[in-house]
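Chain and residue survey
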Amino acid sequence: MNAVLDGLGALTEPGVIGGLVLGTVLGMLVGTFPGISVTMAVALASGFTLTLEPVQGLAVLLPIYVAASFGDRVPAILINTPGTPASIASTFDGFPLARQGKAGLALTVSAVGSLVGGLAGIILFIVAANPLASVALQFGPAEMFALVVFGLTMMVTVAEGQLVKGLFAGLAGLLLGVVGLDPITGDPRLTFGVELLTSGLPFIAVIIGLFGIAEVFEQMLTHRKGESTVITQMGRWTPTREERRRIRKPIAIGSGVGVVVGVMPAAGGDIAGLVSWTQARRSSRRPEEFGKGSLEGLAAADTANNAQVGGALITSFALGLPGDSVSAVLLGSMIIWGLTPGPTLFRDHPDLITTVSGILLLATALAFLLSLLRLRGVVRLLDLPRHYLWSTILTCCAVGTYSINNNPGDVLVMLIAGLVGLAMRRYGFPAGPLVLGLLLGPLAEANLRRTLVIGGPGEIFTNPIAAALLVLSVLALAWPMLRRRTRASRAAGRTPEGSLPSPNPPEGPPS
């Protein structure tokens, strides 16, 4: 009870309240401007919050994460451009609704679905995170090593559907994770005599480069004037009784799908939205409307987008495994603050978990209220020239990276990571597995070496939990290939040689 009261008491501190309001407003703006990913924003903000107390820093970073899931629907609906990758499915029905003169109605339905999904994810976090952490406290080095391996393989398998390139990026991240001093012997590894690398690659600088600098460079190279036109005719904002009745079921589907997908390590809001949109279409009485302006499809996608946030934070806080790339940055910041994400966090800092739950609830409520505004000013902001945005982001990235250690070498690492991130984008290599490898690699190595010292290699395979997790990891890697082969064989069986394929296209998102 004392931990609960202490955690709630921290929410009344002026620094926490100010950080929460600031983070929520920034998150809404981040989601509103296409091209500013949530990962980029949280990584950039973390550079300025590392000098704060952990609670104050989390009061800034967590609301950015939450509010961006509300704000990213605005450009998705008004200009058919996802504010973040998580709102891809919102464009399927949001923009068609806006073109029908129902932009205001679409924004309202999206806000309601986002609120319900966000609350569902947070409730699951409050209910399930502590029991999961209690179970994980019983894990030894062998179980923790296998758990980290499972998290890494899950990240690879959902890496934009590219197994080989995702695996390669994850291995590159693991290699970068061993740069620095050996955790056991203290010998330098892969430092090449550079003093800057003795403490390892600066995690925040790498993150800002991969997601922030690379995104700006990509936009500079590909942006064209007059690419989109903002829809300014909002129409009515309040749904009718019939429309409220119709969106109940897809909102329930989105909440369930979102929290389940969020718990899966590294799945992310884009996958949650797509899966929820597909499931809502299959269960709808009007599936033909999906992709042409369906309130049900929009509600399902945006609900799942927000519900996955709470699910992702469960695996991040309870197990120390990033639920997605945003939570990977959060975990990196917590480590720099001296906090150890995982089951020991619940044992050693129970008041912090209460504070985090309160921050998530307050940020969700505040973001919902901001979502109900008529957004006239935001519509005008979407028409601003992009070069103003690029110069601001580049300046903030450089200042934020330098402020962490007051070291210009970190800025150099950031720029190099930006060029690497740009090359990865151009050649189709996902950056998420690299980040996971960089963050989880040292944890996997430390637990593997402890396991080998305790019982040798047999300790891993004779431990039932560790062996089961490793088997699941192998299945996670093999499943995409098996699924592709199964689909190919079924397609070959349904389409005999010389016959024409079925005229009905398979179910899926509109092109």
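See above for the structure.
What comes next concerns the included structure. Each chain has its residues counted from 1, running along the sequence as written. Selection of residues for local features in this predicted model requires a pLDDT of at least 70, selection of side-chain atom pairs for listing and counting requires 80 or more, and totals for whole chains, interfaces and linings are taken over all residues. In computing side-chain values, all of the structure's heavy atoms are included and hydrogens and water are not.

A few words now on the packing of aromatic side chains. When the centres of two rings from Phe, Tyr and Trp lie within 6.5 Å, Trp using its six-membered ring, the rings pair. Their planes under 30 degrees apart give stacked, over 60 give edge-to-face, and anything left gives tilted. The tally for this structure, following the rule as stated, stands at 4 aromatic pairs. Aromatic pair F125 and F317: ring centres 5.8 Å apart, planes at 80°, arrangement edge-to-face. One end of the pair, F125, is in helix α7 (residues 103-136); the other, F317, is in helix α14 (residues 295-319), and 192 residues separate them in sequence. As far as the burial class goes, F125 and F317 line up, both buried. Seen in terms of ring centroids, W277 and F290 are 5.7 Å apart; in terms of plane orientation they differ by 70°. Their pairing is edge-to-face. Taken together, the positions of W277 in helix α13 (residues 268-283) and F290 in the loop between α13 and α14 put the pair 13 residues apart, joining distant regions of the chain. When sorted by exposure, W277 lands in the same class as F290, which is buried. Just above the ring of F429 sits the side chain of K165; from NZ or CZ to the centre is 5.3 Å. Labels follow the DSSP assignment, with helices taken as runs of H or I lasting at least four residues and strands as runs of E lasting at least two, numbered in each case from the N terminus. Each residue's exposure class comes from its accessible area (1.4 Å probe, protein chains only) as a fraction of the maximum for that residue type: buried when under 20%, exposed when over 50%, partly exposed otherwise. Sitting over a ring, as applied to charges here, requires NZ of Lys or CZ of Arg to be within 6 Å of the ring centre and within 35 degrees of the ring normal.

In the cavity and pocket records, a cavity denotes points on a 1 Å grid over the protein atoms alone where a 1.4 Å probe fits but cannot get out, a pocket denotes an open set with protein on both sides within 12 Å along at least 5 of 7 lines, and lining residues are residues with an atom within 4 Å of a point. Grid points are joined across faces, edges and corners, and a volume is the space filled by probe spheres set on the points. Looking at the second largest pocket, its volume works out to about 1,200 Å³. What lines the second largest pocket is a set of 47 residues, and nearest its centre among them are I335, L438, L439, P442 and L443. When contributions to the lining of the second largest pocket are tallied by element, the ones reaching two or more residues are α8 (141-157), α9 (163-177), β1 (180-181), α10 (203-222), α15 (325-336), α16 (343-348), α19 (386-405) and α21 (432-455). When residues of the lining of the second largest pocket are assigned to their parent elements, the largest contribution, 9 residues, is made by α21. Polar here means any residue outside two lists: the nonpolar Ala, Val, Leu, Ile, Met, Phe, Trp, Tyr, Cys and Pro, and the charged Asp, Glu, Lys and Arg; Gly therefore counts as polar. Counted by class, the lining of the second largest pocket contains 28 nonpolar, 15 polar and 4 charged residues.

Take the environment of V148 next. With respect to the helices, strands and loops of the structure, V148 is situated in helix α8. Distance in space between the C-alpha atoms of V148 and L469 is 9.3 Å, their sequence separation being 321 residues. Other than its neighbours up to four places away in sequence, V148 contacts L321, L440, L443 and A444. Here, two residues are considered to be in contact whenever any of their heavy atoms come within 4.5 Å of each other.

This part is about helix α4 (residues 54-71). Helix length check: α4, at 18 residues, gives a terminal C-alpha distance of 25 Å against a target of 26 Å (1.5 Å per residue), a fit within 8%. The element α4 is extensively covered by neighbouring structure, given that 15 of its 18 residues are classed as buried. The span you would expect from a helix comes to 1.5 Å times its residue count less one.

Attention now goes to the side chain of E296. Position of E296 among the secondary structure elements: in helix α14. You can call E296 buried: its relative accessible area is 7%. Those residues in contact with E296 that lie beyond four places of it in its chain are R246, P250, S284, R286 and F290.

Before going further, it helps to examine the packing of α15 against α21. Lines fitted to the C-alpha atoms define the axes, with helices restricted to the stretch that makes contact. Angles between their N-to-C directions range from 0 to 180 degrees. One can describe the packing of α15 onto α21 by two numbers: an axis separation of 10 Å at closest approach and a directional angle of 25°. Considered as vectors, α15 and α21 are oriented roughly parallel to each other. Helix-helix and strand crossings are classified by hand; for α15 and α21 the assignment is left-handed. Facing A328, L331, G332 and I335 of α15, the residues of α21 in contact are V435, L436 and L439. Here is the rule for angles: anything less than 35 degrees is roughly parallel, anything more than 145 is roughly antiparallel, 65 through 115 is roughly perpendicular, and the remaining ranges are oblique. Crossing handedness follows the turn of the near helix against the far one: under a right angle anticlockwise gives a left-handed crossing, and clockwise gives a right-handed one.

Take empty space enclosed by the protein next. Considering all chains together, one arrives at 1 cavity of 30 Å³ or more under this definition. Approximately 50 Å³ is the volume attributed to the largest cavity. Contributing to the lining of the largest cavity are V66, F70, G118, I122, N306, V309, G310, L360 and T364. If one sorts the elements of the lining of the largest cavity by residue count, α14 sits on top with 3 residues. When grouped by side-chain class, the residues that make up the lining of the largest cavity number 5 nonpolar, 4 polar and no charged.

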